[in-house]
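Close look at the chain arrangement
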Amino acid sequence: MPVASLPSKYGIGCFSKEAYQFVDFLVEAGQRYWQILPLGPTSYGDSPYQSFSTFAGNPYFIDLERLIEEGVLTREECAACDFGDDPQQVDYGKLYKARFPLLRKAYERSHVERNEEFHTFLQKEGYWLRDYAIFMSVKDRFEGKSWDQWAEDIRRRFAYSMEYYQRELYFDIEFYEYLQFLFFKQWKELKEYVNGRGIRIIGDIPIYVAYDSADAWAHPELFQFDEQRLPTAVAGCPPDGFSATGQLWGNPLYRWEYHRETGYDWWVQRIAKCFELYDMVRIDHFRGFDEYYSIPYGHKTAEAGHWEQGPGIDLFYTLKSRLGDQSIIAEDLGYVTPTVKRLVEDSGYPGMKVLEFAFDSRDSSDASDYLPHNYIRNCVVYTGTHDNETVLGWLGSIEKEEKHRVREYLDRPDDSDRELACQLIRAAVSSVADLCVIPLQDYLGLDNRARINQPSTLGKNWKWRVKEESLNSKNARDISHLMGLYGRI
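First things first, this report covers the structure right here in the doc. (Residues numbered from 1 in each chain as written. Predicted model: local features only at pLDDT ≥ 70, side-chain atom pairs only at ≥ 80, totals over all residues. Heavy atoms only, no water.)

1. Some remarks on the state of the cysteines
- Scanning all chains against the criterion turns up zero disulfides.
- Residue Cys14 stays outside any disulfide, its sulfur separated by 11 Å from that of Cys78, the closest cysteine.
- Left unpaired, Cys422 is separated from the closest cysteine sulfur, that of Cys436, by 14 Å. (Disulfide = S-S within 2.5 Å.)

2. Focus on the sheet that holds strand S2 (residues 200-205)
- What the four strands build is an open sheet, ordered S1-S2-S5-S8; its pairing is parallel. Whereas interior strands pair on both sides, the edge strands pair on one side only; in this sheet they are strand S1 (33-35) and strand S8 (328-330). Taking each pair of neighbouring strands and ignoring which way they run, the sheet shows an average axis angle of 25°.
- As paired elements, strand S5 (residues 280-283) and S8 share three bridges and run parallel to each other. When the sheet's bridge partners are listed, Val281 is paired in S8 with Ile328. (Pairing = 2+ DSSP bridges. Helix = DSSP H or I, 4+ residues; strand = E, 2+ residues; numbered from the N terminus. Axes fitted to C-alpha atoms, helices over the stretch in contact; angles between N-to-C directions.)

3. Quick notes on the pattern of salt bridges
- For the coordinates displayed, the defined rule picks out 34 salt bridges.
- Glu117 is paired through a salt bridge with Lys185; the nearest N and O atoms lie 3.8 Å apart. Highlighted residues: Glu117 in helix H5 (residues 116-124) and Lys185 in helix H9 (residues 170-196), separated in sequence by 68 residues.
- The partly exposed category is assigned to Glu117, whose relative accessible area is 42%.
- Of the charged contacts, one joins Asp314 and Arg260 as a salt bridge, the two residues approaching to 3.9 Å between their closest N and O atoms. Here Arg260 lies in helix H11 (residues 256-261) and Asp314 lies in helix H13 (residues 313-323), a separation of 54 residues in the sequence.
- Residues joined by salt bridges that share partners form a network here, namely Lys124, Glu125, Lys273 and Glu276. (Salt bridge = Lys/Arg side-chain N within 4 Å of Asp/Glu carboxyl O. Buried < 20%, exposed > 50% of the residue type's maximum accessible area, 1.4 Å probe, protein only.)

4. Observations concerning the nonpolar core
- Core analysis: the largest hydrophobic core is formed by 161 residues, its most contacted members being Trp34, Leu67, Tyr178, Trp187, Trp267 and Phe289.
- Broken down by element, the residue count for this core peaks at twelve residues, all from H9. (Core = buried A, V, L, I, M, F, W, Y, C linked by side-chain atoms within 4.5 Å.)

5. Let's talk about the pairing of S2
- Where burial is concerned, most of S2 is hidden: five out of the six residues are buried.
- Where S2 lies against S5, four bridges are found, and the strand directions are parallel. Bridging across to S5, Gly203 finds its partner in Val281.

6. Let's talk about the sheet that holds strand S7 (residues 306-309)
- In spatial order, the strands read S4-S3-S6-S7; together these four strands make up an open sheet with antiparallel pairing. Whereas interior strands pair on both sides, the edge strands pair on one side only; in this sheet they are strand S4 (247-252) and S7. Ignoring which end each strand starts from, the neighbouring axes of this sheet average 50° apart.
- With three bridges connecting them, strand S3 (residues 233-237) and strand S6 (residues 291-296) associate as antiparallel partners. Of the residues in S6, the one forming a bridge with Ala233 is Pro296.

7. Regarding the environment of Gln180
- With respect to the helices and strands, the residue Gln180 is situated in helix H9.
- Overall, the relative accessible area of 0% leaves Gln180 in the buried class.
- Between the C-alpha atoms of Gln180 and Ile12, which are 168 residues apart in sequence, the distance is 18 Å.
- Not counting residues up to four positions away in its chain, the partners in contact with Gln180 are Ala56, Gly57, Phe121, Trp128, Leu129 and Tyr132. (Contact = heavy atoms within 4.5 Å.)

Listed below in structure tokens is the structure:
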């Protein structure tokens, strides 16, 4: 259940009272975990997997009601903004135009420079925060352009240029630092409430960072860049039965030999930060640590790519030795080679099982791995993820042969799609998997209008929001009853 999908007054789910009410709903529903999407600031396309920073938080999630209570905004100012008129859809265009001017007003009235807690925060987060705030401020100065299109002196971070912009954009930089101060303060309070009610939060991080990010601009040495700080190769996936030209993600690839030489310091910082924010972390595209697909920069498709060796188990041994045992989920979906399977086993992390993949006629060789009777305990089962159709939507779109397989497996020859969807949830909950995560849309029996993301498409994703009235006691009790039946309370 993404934070953005929660109900709230101001256009997007956030750390508002509705988030706390959702936690109460989870408690009533007998839940012990809440899995969310990445919390980073989103860029073009609105994807939480393409963020301006791997460390920063999304200012959209700051609760405006709290700022009204603090006296830095008025209720009338917030009410006068147009955040969109559909409570079930995020309108990112309107959100961007309305929210940042409001937050700027809050900053200008906050006198945050006198706040000791703010200065403590700046010190603690200094290893990433200053670069991020400068990055965003300069980005605004260059009308939102990607950093590779900035003037060369600041693009390459020449010392005189860095000094100039820090002077010239002093208040803009402090504004972005203030936003992060608010974000982390409010998130910490929400997480304390969540944990206090017996629930753990599962966070999610993409393996790669966006090219247009503070990470890539401030630390080019981490990535496969040339002397002009352009990528020499980018990430993606090869052609397969789902895409004839493969997937061209475009993210910069890591210079793994540099990471190894530095004792994986950046990764240690990144994962340590994650465990300040979350109790458990899902790492996206785990296969990229075994082998990663490298596509020469400038190509329009992924067809010219080739496989390169990743860091392997060495990275995870280092993380364990420096951070101790951490609760990590390996996103090991897709084509899994024997070496990837070995890496997941050696790490000890649970892998993922997605029921929607179990009946796919295009990929029957691996399908059995996703059928519940083949699960091991050390795994996490999902009906589907944010990248999949809802279960009800999926049942309405699959081939006749695939639906026949579903009916046979569940022994439900005459059930409607809605009844089959309930049985698939039951199959996941009743499995031996140590952890079972069901998207809220599936518990509510929603169709593909409630789908979160359709990969390789733009403009229609990351928008769905739940109706406040759906988070009611009857639905919570129904979920809790199912948890009790199968010993998951």
